[in-house]
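Reading the structure
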Amino acid sequence: MKTLKSYHTRGGYPFNVIERQGDIALADGGSVGYEVFEVQSHDGREIGGNWCEPAEYPPSNEQWGTKGWSFKHEASARRKFDELTNDLQP
């Protein structure tokens, strides 16, 4: 499976994944802020007649607000990241 790159783009802005725990990622977008999201994945699929290998990816725009969140400040993003990763603890 192709794992989520540490670097992805949302809305034309580059984001660098700075921390990941399980399927929860915290990304830094520099001057545009931070993102916390649930890493999505698929087992391979055909798109436009081309086969795409299994891969991980950030949530779609439609999933934002339920599987991904944007923050202006790192402290706020870290609180959400901690909340989601604490939910993973048994």
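Look above for the structure.
Below you will find a few notes about this structure.

Scoring rules and cut-offs
- Residues numbered from 1 in each chain as written.
- Predicted model: local features only at pLDDT ≥ 70, side-chain atom pairs only at ≥ 80, totals over all residues.
- Heavy atoms only, no water.
- Pairing = 2+ DSSP bridges.
- Helix = DSSP H or I, 4+ residues; strand = E, 2+ residues; numbered from the N terminus.
- Axes fitted to C-alpha atoms, helices over the stretch in contact; angles between N-to-C directions.
- Salt bridge = Lys/Arg side-chain N within 4 Å of Asp/Glu carboxyl O.
- Buried < 20%, exposed > 50% of the residue type's maximum accessible area, 1.4 Å probe, protein only.
- Contact = heavy atoms within 4.5 Å.

**Considering the sheet that holds strand S1 (residues 7-10)**
Taking strand neighbours across the sheet as the criterion, the 5 strands line up as S1-S2-S3-S4-S9 in an open arrangement whose pairing is antiparallel. This sheet does not close on itself; its edge strands, each paired only once, are S1 and strand S9 (68-71). Sheet twist, expressed as the mean angle between neighbouring strand axes with direction ignored, is 30°. Where strand S3 (residues 24-28) meets strand S4 (residues 34-38), 5 bridges bridge the pair, whose relative direction is antiparallel. Pairing of Ile24 across the sheet is with Glu38, part of S4.

**As for the pattern of salt bridges**
Under the defined criterion, the tally for this structure stands at 6 salt bridges. Here Arg78 and Glu74 are joined by a salt bridge, their closest N and O atoms 3.2 Å apart. With Arg78 and Glu74 both in helix H1 (residues 74-86), this residue pair falls 4 residues apart, about one helical turn. With relative accessibility at 31%, the residue Glu74 sits in the partly exposed group. Among the ionic pairs, Lys80 bridges to Glu83, the shortest N-O distance being 3.4 Å. Pair noted here: Lys80 and Glu83 are both in helix H1, with a separation of 3 residues, about one helical turn. For Lys80, a relative accessible area of 16% corresponds to the buried category. Among the charged side chains, a salt-bridge network with shared partners connects Glu19, Glu74 and Arg78.

**Details of the environment of Arg10**
On the secondary structure map, Arg10 appears in strand S1. A relative accessible area of 16% places Arg10 in the buried class. Once the C-alpha coordinates of Arg10 and His73 are considered, the two residues, 63 residues apart in sequence, prove to be 17 Å apart. Beyond its immediate stretch of four places on either side in the chain, Arg10 contacts Phe15, Glu35, Pro58, Pro59, Ser60, Asn61 and Trp64.

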